[in-house]
Amino acid sequence: ANAGNPQTICSSSSSLNANMPVFGTGSWTILSGTGVLADPLQPATAVSNLSYGPNLFEWSITSGSCPATRDTVVIDVDENPTAANAGPDILICDPADTLHANVPLVGTGTWYAINSPPLLGNPYAATTMVSNLVPGWNPFEWVISNGVCPASRDTVSVFYTIRPSAPDAGPDIYECAYDVTMQAEIPSVGTGLWNNLS
């Protein structure tokens, strides 16, 4: 008996492929897990209603009073990962902040910085610090994967605005004229605007 090759899938159904007996009659038996066999007497048969994890099947060939030959095969079913949620976009005035994604119930999550050079504190934690942000948009992707199933992905962007220069309006002015010239410090970051407070 040859029950075929082991399988790892992301589905509740598959097919079994054993060898055709030259002598004797073959039959399938479920040893562990679950499964509904379309035809348990055929070496190649569809199987459905598989459970997550390992499902063990045995292919046995009997012929008269001779001892049966037996072989087993495992179909390992992976569960689809939790849907990824990277959280809402973030607007900040500092080159560092904290990312907040959902904790996966199924699978393992990993953060990826889509563009360098932002640095992730712990790329495998749903909540993690991120630093070394560049001015403008900094996109990150939260990916939850589990076995051979397609990964679930979601992105979040952190928009970093550099803090404006500290204002310096210049010294107080004492003049006997209606017109004066005010000389403030030209900002290296941001745009300056005068306001009349009186």
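Located above this text is the structure these notes cover.
Residues numbered from 1 in each chain as written. Predicted model: local features only at pLDDT ≥ 70, side-chain atom pairs only at ≥ 80, totals over all residues. Heavy atoms only, no water.

1. A look at the sheet that holds strand S2 (residues 14-17)
Across the sheet, which stays open at both edges, the three strands sit in the order S2-S5-S4 with antiparallel pairing between neighbours. Edge positions in the sheet fall to S2 and strand S4 (36-37), since each has one partner strand and no second. (Pairing = 2+ DSSP bridges. Helix = DSSP H or I, 4+ residues; strand = E, 2+ residues; numbered from the N terminus.)

2. Regarding the environment of alanine 184
Along the chain, the position of alanine 184 falls in the segment after strand S14 (152-160). With relative accessibility at 37%, the residue alanine 184 sits in the partly exposed group. Sequence-wise, alanine 184 and asparagine 55 are 129 residues apart; in three dimensions their C-alpha atoms are separated by 77 Å. Dropping the residues within four chain positions of it, alanine 184 is found in contact with Asp168, Ala169, Gly170 and Trp194. (Buried < 20%, exposed > 50% of the residue type's maximum accessible area, 1.4 Å probe, protein only. Contact = heavy atoms within 4.5 Å.)

3. Quick word on the side chain of serine 152
Position of serine 152 among the secondary structure elements: in strand S14. Classification of serine 152 by relative accessible area gives buried; the value is 16%. At 2.8 Å, the side chain of serine 152 and the backbone nitrogen of alanine 84 are in polar contact. (Polar contact = N/O pair within 3.5 Å; in protein donor to acceptor, adjacent residues only side chain to side chain.)

4. Concerning the state of the cysteines
A complete count under the given rule lists one disulfide for this structure. Residue cysteine 10 pairs covalently with cysteine 149 via a disulfide, S to S 2.0 Å. Classification of the bridge connecting cysteine 10 and cysteine 149 rests on its S-S torsion, roughly 105 degrees, and on that basis the disulfide is right-handed. Of the two residues, cysteine 10 sits in the loop between strand S1 (7-9) and S2 while cysteine 149 sits in the loop between strand S13 (136-145) and S14, which places them 139 residues apart along the sequence. Residue classification places cysteine 10 among the partly exposed residues on the basis of a relative accessible area of 25%. (Disulfide = S-S within 2.5 Å.)

5. Re the packing of aromatic side chains
Applying the stated criterion across every chain, the model contains three aromatic pairs. Taking the centre distance of 5.1 Å and the plane angle of 40 degrees together, the rings of tryptophan 28 and tryptophan 59 count as tilted. A residue pair is termed long-range when its members are at least 10 positions apart, and tryptophan 28 in strand S3 (residues 25-32) and tryptophan 59 in strand S6 (residues 53-63) qualify at 31 residues. Assessed through its relative accessible area of 6%, tryptophan 28 is described here as buried. (Phe/Tyr/Trp six-rings, centres within 6.5 Å; stacked < 30°, edge-to-face > 60°.)

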